[in-house]
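The residues making up each chain are set out below.
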Amino acid sequence: MFALTFLGTSASVPSAERNHPALLVEAAGKRVLIDCGEGTQRQLLRSGAGFRRLDRILLTHAHLDHVLGIPGLFSTLGLRQTSDVMTIHGGEGTLDIVIRMLAGLWGAGRAPIAVEFAPLTAGQVIDAGEFTIDCFPVRHRDTDSFGFVFQSPARRRLRPDRLMALGVPDGPLRGELAAGRPVVLADRTVDPEDVLGPPSGGRKLVVIGDTETTEGLSQYVAGANVMVIEATFLDRDAPTARSYGHLTAAEAAFFAATNNVGQLVLTHMSGRYEDEEILAEAAKIFPSTRIAADFDRIVV
């Protein structure tokens, strides 16, 4: 299960209702921040999420509306005397900008908290046991941008009817079967295949930040339970979207529809449109669409 808290859902310019981009993803006791726009630390407090167990930031790219909240967050964590090491993942160019930004404030190699920088390359970023995070490159103007796939494995659960029929008692023997190991009863051996049901429960979440095209991304998105992606423009302004390196709501919806996505969540909203306009354009193509608002919470 993945729990998403949207901390900022605006495009480049914030509004009274929408902060700069940031998304908190929680799974299996771990918390990961995707992007850290200006004001993210206050959004963490207002959402009730707070700063506990926050030790990893994934950056989609280095445009300032996605990274300017890092110094403020670090300053606050330093005042709280956190002992956690913050790991920042991003493309090499993205990390270079963040490193120089922090050096300009506190000096080279210095920050209020311990920080590690982990350059992204396509493939696995984290194997947390209960879930994995992979990254893939996307195209957005002149940046080294990445999208992220969060995935939890499908699991096979014990079938109570089969356990009862085969006389497997409650207790450690059932734990052995659940772990995929056969057990010996008084008169027979019970194999896991005899009592395990089909795989179920796997979840896939895809988060894509700013992108000028969906070309070549289907292999990463296909079958996602939820996809979060930008929709900065409407189709009537497609030429402007191209010039700024962004998608239209119609393009995002078509991408979801052709890749068997369960739910589409649109973010990076521009103040030039009403939410209803954006939703109408997308839902006409892909009905299972919603517009993210600051402090929305979605469970995958």
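Residues numbered from 1 in each chain as written. Predicted model: local features only at pLDDT ≥ 70, side-chain atom pairs only at ≥ 80, totals over all residues. Heavy atoms only, no water.

### Considering the environment of Gln 219
Applied cut-off: Only runs of H or I of at least four residues qualify as helices and only runs of E of at least two qualify as strands under DSSP, and these elements are numbered from the N terminus.
Among the secondary structure elements, Gln 219 is positioned in helix α7 (residues 218-221). As a C-alpha pair, Gln 219 and Ala 179 span 40 residues in sequence and 31 Å in three-dimensional space.

### Considerations on the sheet that holds strand β6 (residues 115-119)
Cut-off, in case you're wondering: Two strands are counted as paired when DSSP detects at least two bridges linking them. Helix axes use the C-alpha atoms of the stretch in contact, all axes being lines fitted to C-alpha atoms, and the angles between their N-to-C directions lie in the range 0 to 180 degrees. Contacts are assigned to residue pairs with any non-hydrogen atoms lying within 4.5 Å of each other.
Reading across the sheet, the seven strands line up as β6-β5-β4-β3-β2-β1-β16 and stay open at both edges, with mixed pairing between neighbours. Of all the strands in the sheet, the pair left with one neighbour each is β6 and β16 (297-299). Strand-to-strand twist of the sheet, defined as the mean angle between neighbouring strand axes without regard to direction, takes the value 20 degrees. Note: strand β2 (residues 22-27) against strand β3 (residues 30-34), five bridges, orientation antiparallel. The partner of Leu 24 across the bridge, within β3, is Leu 33. Together, β1 (3-8), β2, β3 and β4 (54-58) form the strand contacts of helix α1 (residues 40-47), whose direction differs from that of β1 by roughly 130 degrees.

### A short note on the state of the cysteines
Put simply, the test is: Cysteine sulfur atoms that pair up within 2.5 Å are treated as a disulfide. Buried means the residue's accessible area, taken with a 1.4 Å probe over protein chains only, is under 20% of the maximum for its type, while exposed means over 50%, and partly exposed covers the values in between.
Applying the stated criterion across every chain yields a total of zero disulfides. Free of any disulfide, Cys 36 has its nearest cysteine sulfur in Cys 135, 19 Å distant. A relative accessible area of 0% places Cys 36 in the buried class.

### Examining the sheet that holds strand β13 (residues 226-230)
As summarised here, the arrangement of the seven strands in space is β7-β8-β9-β12-β13-β14-β15, forming an open sheet in which the pairing is mixed. Because the sheet does not close on itself, it has two edges, and the strands there are β7 (123-127) and β15 (289-291). On average, adjacent strands in this sheet sit at an angle of 20 degrees to one another, irrespective of strand direction. Contacting β13 and β14 (263-267), helix α9 (residues 249-257) runs over the sheet at an angle of about 155 degrees to β13. Contacting β14 and β15, helix α10 (residues 275-283) crosses the sheet at an angle of about 165 degrees to β15.

### Some details on the packing of aromatic side chains
What counts here: Aromatic pairs are defined between Phe, Tyr and Trp rings, using the six-membered ring for Trp, whenever the two ring centres lie within 6.5 Å; interplanar angles under 30 degrees are classed as stacked, those over 60 as edge-to-face, and all others as tilted.
A full pass over the atoms with the stated rule returns four aromatic pairs. Pairing Phe 136 with Tyr 220 gives two aromatic rings, centres 4.5 Å apart and planes at 5 degrees, and the pair type is stacked. On the criterion of sequence distance, the pair formed by Phe 136 in strand β8 (residues 132-138) and Tyr 220 in helix α7 is long-range, its members being 84 residues apart. Phe 136 gets classed as buried once you look at its relative accessible area, which sits at 0%. The exposure class assigned to Tyr 220 is partly exposed, which follows from its relative accessible area of 25%. An aromatic cluster is defined as three or more aromatic residues linked by ring pairs; in this entry it consists of Phe 2, Phe 131 and Phe 150.

### A few points about the pattern of salt bridges
Side-chain pairs of opposite charge can arise where the charged atoms are in close proximity. Just so we agree on the cut-off: One side-chain nitrogen of Lys or Arg within 4 Å of one carboxyl oxygen of Asp or Glu is enough to make a salt bridge.
With the rule as written, the count across this model stands at 14 salt bridges. A salt bridge links Arg 156 to Glu 193; its shortest N-O distance comes to 2.8 Å. Pair noted here: Arg 156 is in the loop between β9 (145-152) and α5 (160-165) and Glu 193 is in the loop between β11 (189-190) and β12 (203-207), with a separation of 37 residues, a long-range link. Judged by relative accessible area, which is 32%, Arg 156 ranks as partly exposed. Across the pair Arg 181 and Glu 176 runs a salt bridge whose closest N-O atoms are separated by 2.8 Å.

### Looking at the environment of Pro 160
The topology assignment puts Pro 160 in helix α5. Classification of Pro 160 by relative accessible area gives exposed; the value is 60%.

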